[in-house]
Each structure stands twice: as C-alpha cells, then as structure tokens.
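# Notes for the structure review
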Amino acid sequence: MSTTELPASHAELMDGVYRWQRHIYDLTRKYYLLGRDRLIDGLDVPQGGTVLELGCGTGRNIALAARRYPDARFFGLDISAEMLETASAAIAREGLSDKVRLSRGDATDFDARALFGIAQFDRVFVSYSLSMIPGWEKTVSAALAALAPGGSLHVVDFGQQEGLPRWFRALLRGWLRKFHVAPRASLRDVLESESQRTGATFRFRTLYRGYAWLGVIGSRK
C-alpha cells in the first residue's frame, strides 16, 4: 500500500496524537510499556537475518534490536509520518542508517516487497501497537504472511491486568483511552487461532501479573 493509499483518518489521528508526544514518548513510556526488552532479547535473530517491526514508532525498539543483533538487517513500518520523522533521526543519531530502513505504511495491509524490496523476514515483531490499530487482527495475519519459513512473530502488548487490583485496571485504562489505546482482550485467542490456522507453534506468557502479554508464533520450515 502506498503512502497516498493509507487510511487517512487513522494516519491523521496518529499524527495528531504524537505530533508533540513523540518528543517525550521514550522518556515517559519506559515506565509502563513493560516487556519490550524481553521481547527483543527473545528474538534470537539468525546470523545475517532480516527483521521487520510493525508500528516502529520512535525507533526505540528497532534501534535497540539493531545493536543487540549487529549482523542482521532491520526494517520498520509505521502509519504516522510524525513518528517516522523521530525514528529516522534516532536511527541516524545511533549510526544505524546502513542497517535500518524505515517506511510509511499500514500494518494491517502492506506490500513488503514494494516498501522494502524484500517479501519475507526471519523475524517480525509488534510492540504495544496492536492496542492502537483498528482492525488489529489483520495485522497479525499480515505479519504471519510476511514470515519466511522457520521464522517467528513476536508480540508484546497490554494484557488484561488480571492479577492486579481493580482500581489499578480502571486507572490504567482511563489513562490509555486518552491516547486511543485499548488493551485487546482477545489477543491470546487470536494469536493461538492464527497459529493453528497456519500450522505454527505458539508460546504465550503473562508478565507482571497480567499487566503485559507476550506471544510468539513460530512458522513451519
């Protein structure tokens, strides 16, 4: 999908939300976007492998992953031009421009070959983006379609806070709504269903008493 074909309402919404937030995003989100570093450590990227992040935002995760796996090549996609501007600056500042390529696109419907010149990836990951994407289930399907044989999809996002006090859940969800974020109650079911549909393996962990959920789908070789 080309930039001109992006769903204008959601792209404009994200640009509006993050036009100013992007400047303090990483400083503030480190306190409540928990489990991101655990996801990156678990990518286990093969030597010379390719990695795609859907909803790359400010570039924080993809830069960290690029340093963690120096022999791999990285690709990032986001619908927000504002976020991509911040991400591009961060990648350049880290001296990673030769390892990381960014493009604007819709995570629910993208043509990886048209955007990046590569159709399949050894690893695809989505960090705290599904809770912001309308029709997020399509992102899971699109991510699996972009996996190379033997590759894996890694997802971390808000859980249902099932082991935390009710007052905390209410406070967190009220805060998240201000940024158009909604924890996906069916996330585990969708990931498991998609893994069964594709004959893939599935691993799932609850983190921090259900504050976050971490899922991994491994495709067949």
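These notes cover the structure that comes with them. (Residues numbered from 1 in each chain as written. Predicted model: local features only at pLDDT ≥ 70, side-chain atom pairs only at ≥ 80, totals over all residues. Heavy atoms only, no water.)

## Quick look at unusual backbone geometry
Residues other than glycine predominantly adopt negative phi, and peptide bonds predominantly adopt the trans conformation. One non-glycine residue, D44, adopts positive backbone phi at about 50°. Assignment of secondary structure puts D44 in the loop between helix 3 (36–41) and strand 1 (50–54). Of note in the backbone geometry, H180 takes a positive phi value of approximately 60° without being a glycine. In this structure, H180 sits in the loop between helix 8 (166–177) and helix 9 (187–198). Given a relative accessible area of 42%, H180 falls into the partly exposed group. (Helix = DSSP H or I, 4+ residues; strand = E, 2+ residues; numbered from the N terminus. Buried < 20%, exposed > 50% of the residue type's maximum accessible area, 1.4 Å probe, protein only.)

## Remarks on the nonpolar core
With 31 residues, the main nonpolar core has L54, F110, F121 and L153 as its most contacted residues. A total of 5 residues in this core trace back to one element, the largest contributor, which is helix 7 (residues 136–145). Not counting residues up to four positions away in its chain, the partners in contact with L54 are L77, A107, F110, V124, F125, V126, S129, T139 and A143. Core analysis: the next-biggest nonpolar cluster, separate from the first, contains 30 residues, V45, V51, F158 and L164 among them. (Core = buried A, V, L, I, M, F, W, Y, C linked by side-chain atoms within 4.5 Å. Contact = heavy atoms within 4.5 Å.)

## Some thoughts on the packing of aromatic side chains
Under the criterion given, the structure shown has 10 aromatic pairs. A centroid spacing of 6.0 Å and a plane angle of 35° characterise the contact between F202 and F204, whose relative ring orientation is tilted. Take F202: its relative accessible area is 22%, and that puts it in the partly exposed class. Taken together, the ring pairs connect Y128, F158, W167, F168 and Y211 into an aromatic cluster. (Phe/Tyr/Trp six-rings, centres within 6.5 Å; stacked < 30°, edge-to-face > 60°.)

## Examining the pattern of salt bridges
Going through the model one piece at a time under the given rule, you end up with 4 salt bridges. Measuring nitrogen to oxygen at the nearest pair gives 3.3 Å for the salt bridge that ties R68 to D41. Here the residue R68 occupies a position in helix 4 (residues 60–68), and D41 occupies one in helix 3, the gap between them amounting to 27 residues. Taking the relative accessible area as the measure of exposure, D41 reaches 46% and is therefore partly exposed. The closest approach of N and O atoms between E194 and R197, which form a salt bridge, is 2.7 Å. Placement of both E194 and R197 in helix 9 is noted, with a separation of 3 residues, approximately one turn of the helix. (Salt bridge = Lys/Arg side-chain N within 4 Å of Asp/Glu carboxyl O.)

## Quick word on the pairing of strand 6 (residues 201–207)
Sheet analysis places strand 6 next to strand 7 (residues 212–218), joined by 7 bridges and oriented antiparallel. Note that in strand 7 the partner of R205 across the bridge is L214. Joining the antiparallel neighbours strand 6 and strand 7 is a turn of 4 residues, in which Y208 adopts a positive phi near 55°. (Pairing = 2+ DSSP bridges.)

## Some remarks on the layout of surface pockets
Its boundaries defined by the atoms lining it, the largest pocket holds a volume of some 160 Å³. Taken together, R38, L39, G42, H154, R203, F204, R205, L214 and V216 form the lining of the largest pocket. Listed by contribution, the elements that provide at least two residues to the lining of the largest pocket are helix 3, strand 6 and strand 7. If you tally residues by element for the lining of the largest pocket, the top one is strand 6, at 3 residues. Taken together, the residues that form the lining of the largest pocket break down as 4 nonpolar, 2 polar and 3 charged. (1 Å grid on protein atoms, 1.4 Å probe; cavity = no way out; pocket = protein on both sides within 12 Å on 5 of 7 lines; lining within 4 Å. Points joined across faces, edges and corners; volume = space filled by probe spheres on them. Nonpolar A, V, L, I, M, F, W, Y, C, P; charged D, E, K, R; others polar.)

## Some details on the side chain of R184
Residue placement: R184 occurs in the loop between helix 8 and helix 9. The charged side chain of R184 is buried without a salt bridge, its nearest counter-charge being D157 at 6.6 Å. Of note is the side chain of R184, whose polar atom sits 3.1 Å from the backbone oxygen of I133. Aside from chain neighbours lying at most four places away, what touches R184 is L130, S131, M132, I133, P134, W136, Q160 and W213. (Lys, Arg positive; Asp, Glu negative; His and termini not counted. Polar contact = N/O pair within 3.5 Å; in protein donor to acceptor, adjacent residues only side chain to side chain.)

## Details of helix 7
Those residues of helix 7 not exposed but buried are W136, T139, V140, A142, A143 and L144. In this structure, the buried residues of helix 7 make contact with strand 1, strand 4 (121–127), strand 5 (147–158), helix 9 and strand 7.

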